[in-house]
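Overview (structure and organization)
Chain by chain, the residues:
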Amino acid sequence: MQFVDESSIIVEAGKGGNGCLSFRREKYVPKGGPDGGDGGHGGSVYLIGDDALNTLIDFKYQRFYKAQNGQPGMGRQMSGKAGEDLHIKVPVGTTVIDEDTLEVIADVTEIGQVVLVAQGGRRGLGNIHFKSSTNRAPRRTTPGTDGERRNLRLEMKVMADVGLLGMPNAGKSTLIRAVSAAKPKVANYPFTTLVPNLGVVKLGMHEHFVMADVPGLIEGASDGAGLGLRFLKHLTRTRLLFHVVDVAPFDESDPVEAAEAIIHELGEFSPALAELPRWLVLNKLDLLPPEEREAAVDEIVRRLGWEGPVFRVSAIGSDGTDALVQAAYRWLTEQRRLENEDEEAAERAREMRERMEEEAVARTEARLGRRRKPSAEDDDDFDDDDYDVEVEYAP
């Protein structure tokens, strides 16, 4: 399946039906008077959240969506039929942006959530509404109004509990393969991962959480370098971040400098995202001699000034991964309990999510503002968002 997380579409609501100009014509009924009926309202366009979708690929091949027009009014005081509303299914986690004004119209975050994106036109009135004691044969009607037409940009952010953050080749894909049924591509070169991968980490009956692996970041990612700006937005839906650090990079670079670069880019993209709980996951310890591992870990933690949780893992051999996911599940469970029982905790969580969304949207608006709006001639069906993604669930 192709993974498309951004798409532009045009939606147009239906036009309202015109009012009817008609006079009663019946045998033996002289001077029957006006009997023109009203037109029908135009259909509106709605978006509805659907958990069966996990990509916006459908919107790549169909860009224009129009609701039904209302029927015009008829004689004998018969109103026209209203146009049918159009309901468009989108993945849960989709942000809807008006491309002309850069206004965020809605954020579809729940299954079945319905969002009005284009209001149908109002019906026209028939001449029966305009009769009076001084105007017994009105020839006046009103036309139906046009429905709203909008250029929309849809941006999908994956819905996950835990997000993996790190440089290319830090071992994020190997880690998600080790703890879930997801099978992202793994290779010994940078940017192996080109699209987000989701994996369900299953610990027991009714005990699971969703982990997201996004493409690796590089210095300058918050300004658009590499794939960073495109996929950092997916982390704004998560509750917890795993900062995966390669303790023995194949290019012999400094792991501390790499970690500091990631922290900097995170803060540049979204200060609120940088405040999200983040755990340090030191990976590839199996590449160091046993007697050097503890000293290397202590040195990295000391130089980073890290005060949060630290986990030592070797993802390729699943060493230390059980302790990591068990701790994450306990933390997530406790957070949900606190938000359910403590209104202040729930409010803080809501404010944090709103801040992350606002900052992510601001980045998107800046990017859209700098970029020329693509025309139909530019679309060759081989965009840089045409990659494969697999969402697999552990049995």
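Criteria and cut-off values
- Residues numbered from 1 in each chain as written.
- Predicted model: local features only at pLDDT ≥ 70, side-chain atom pairs only at ≥ 80, totals over all residues.
- Heavy atoms only, no water.
- Helix = DSSP H or I, 4+ residues; strand = E, 2+ residues; numbered from the N terminus.
- Buried < 20%, exposed > 50% of the residue type's maximum accessible area, 1.4 Å probe, protein only.
- Contact = heavy atoms within 4.5 Å.
- Areas by Shrake-Rupley, 256 points an atom, 1.4 Å probe, with all protein chains shown as cover.
- Pairing = 2+ DSSP bridges.
- Axes fitted to C-alpha atoms, helices over the stretch in contact; angles between N-to-C directions.
- pLDDT = per-residue confidence, 0-100.
- Polar contact = N/O pair within 3.5 Å; in protein donor to acceptor, adjacent residues only side chain to side chain.
- 1 Å grid on protein atoms, 1.4 Å probe; cavity = no way out; pocket = protein on both sides within 12 Å on 5 of 7 lines; lining within 4 Å.
- Points joined across faces, edges and corners; volume = space filled by probe spheres on them.
- Nonpolar A, V, L, I, M, F, W, Y, C, P; charged D, E, K, R; others polar.
- Parallel < 35°, antiparallel > 145°, perpendicular 65-115°, else oblique.
- Left-handed = near helix turned anticlockwise from the far one by under 90°.
- Salt bridge = Lys/Arg side-chain N within 4 Å of Asp/Glu carboxyl O.
- Core = buried A, V, L, I, M, F, W, Y, C linked by side-chain atoms within 4.5 Å.
- Phe/Tyr/Trp six-rings, centres within 6.5 Å; stacked < 30°, edge-to-face > 60°.

1. Observations concerning the overall build of the protein
Scanning the protein from terminus to terminus reveals eight helices and 17 strands. Put simply, the protein has 395 residues, and 48% of those count as buried. Residue pairs in contact within the protein that sit at least 24 positions apart in sequence constitute 76% of those at least 6 positions apart. Carbon and sulfur atoms form 49% of the exposed surface of the protein, whose accessible area is close to 19800 Å².

2. Some thoughts on the sheet that holds strand β9 (residues 149–156)
Spatially, five strands are ordered β4-β2-β9-β6-β7 in an open sheet, and the strand pairing comes out mixed. Every other strand in the sheet has two partners, leaving β4 (64–66) and β7 (104–108) as the edge strands with one partner each. Ignoring strand direction, the axes of neighbouring strands in this sheet form an average angle of 25 degrees. Pairing of strand β6 (residues 94–98) with β7, which is carried by four bridges, proceeds in the antiparallel orientation. From the neighbouring strand, T94 faces β7, where its bridge partner is V108.

3. Some details on the confidence of the model for the protein
Overall, the predicted model of the protein reaches an average pLDDT of 81, with 82% of residues at or above 70. Mean pLDDT per element in the protein: strand β16 (residues 387–388) is the minimum at 41, and β4 is the maximum at 96. This model gives residues 371–395 a pLDDT under 50, and the stretch forms 50 contacts once residues within four places in sequence are excluded.

4. Re the side chain of D246
Mapped onto the elements of the fold, D246 is located in strand β13 (residues 240–246). Only 2.9 Å separates the side chain of D246 from the backbone nitrogen of A248, close enough to count as a polar contact. Looking at D246, its side chain comes within polar contact range of the side chain of K284, at 3.3 Å.

5. What to know about unusual backbone geometry
Even without being a glycine, R76 presents a positive backbone phi close to 60 degrees. Mapped onto the fold, R76 is located in the loop between β4 and β5 (86–91). R76 gets classed as exposed once you look at its relative accessible area, which sits at 68%.

6. Some details on the sheet that holds strand β8 (residues 114–118)
If you trace the three strands from one edge of the open sheet to the other, you get β5-β3-β8, paired in mixed fashion. Looking at strand neighbours, the two that pair on one side only are β5 and β8, the edges of this open sheet. When strand polarity is set aside, the average angle formed by the axes of neighbouring strands in this sheet is 35 degrees.

7. Some details on the layout of surface pockets
Of the volumes computed, that of the second largest pocket is approximately 690 Å³. For the second largest pocket, the lining is made up of 25 residues, of which R237, R239, E339, A349 and R353 are closest to its centre. For the lining of the second largest pocket, the secondary structure elements donating two or more residues are α7 (321–341) and α8 (343–370). The element best represented in the lining of the second largest pocket is α8, accounting for seven residues. For the lining of the second largest pocket, the class distribution of residues is 10 nonpolar, four polar and 11 charged.

8. Regarding the side chain of S22
Assignment of secondary structure puts S22 in the loop between β2 (6–12) and β3 (45–50). For S22, the side chain forms a polar contact with the side chain of D35, separated by 2.7 Å.

9. A short note on the packing of helix α4 (residues 255–269) against helix α6 (residues 290–304)
For the pair α4 and α6, the least separation of the axes is 10 Å and the interaxial angle reads 40 degrees. The angle between α4 and α6 places the two elements in the oblique class. Seen along the crossing, α4 lies across α6 with a hand that is right-handed. Residues P255, V256, A259 and E260 of α4 touch α6, and the partners they reach there are I300, R303 and L304. Per-class residue counts for the contact of α4 with α6 are five nonpolar, no polar and two charged.

10. Brief notes about the pattern of salt bridges
On inspection of all chains with the given rule, the structure shows 19 salt bridges. Here R153 makes a salt bridge to E6, at a shortest N to O gap of 2.6 Å. Here the residue R153 occupies a position in strand β9, and E6 occupies one in strand β2, the gap between them amounting to 147 residues. Here R153 falls in the buried class, since its relative accessible area comes to 5%. Judged by its relative accessible area of 8%, E6 falls in the buried class. Put simply, R350 and E343 hold a salt bridge, and the shortest N to O gap is 2.9 Å. For E343, a relative accessible area of 54% puts it in the exposed group.

11. Topic: the nonpolar core
Soluble globular proteins tend to pack their nonpolar side chains together in the buried interior. V11, F59, V117 and L154 are the most contacted members of the largest nonpolar core, which has 26 residues in total. Those elements that place two or more of their residues in this core are β2, β3, β5, β7, β8, β9, β11 (197–204) and β12 (207–213). In this view, L154 contacts D5, E6, S7, I9, L47, L56, F59, V90, T94, T95 and V96; residues no more than four positions away in its chain are not counted. One finds L164, V281, F311 and L324 within the second-largest nonpolar core, a separate group that totals 23 residues.

12. Digging into the packing of aromatic side chains
Applying the stated rule across the entire model yields four aromatic pairs. Ring centres of W279 and F311 lie 5.3 Å apart, and the angle between their planes is 25 degrees; this geometry places the pair in the stacked category. Separated by 32 residues along the polypeptide, W279 in strand β14 (residues 278–283) and F311 in strand β15 (residues 310–312) bring together distant segments of the chain. For F311, a relative accessible area of 15% gives the class buried. Every member of this aromatic cluster is reached through a ring pair, and the members are F242, W279, F311 and W331.

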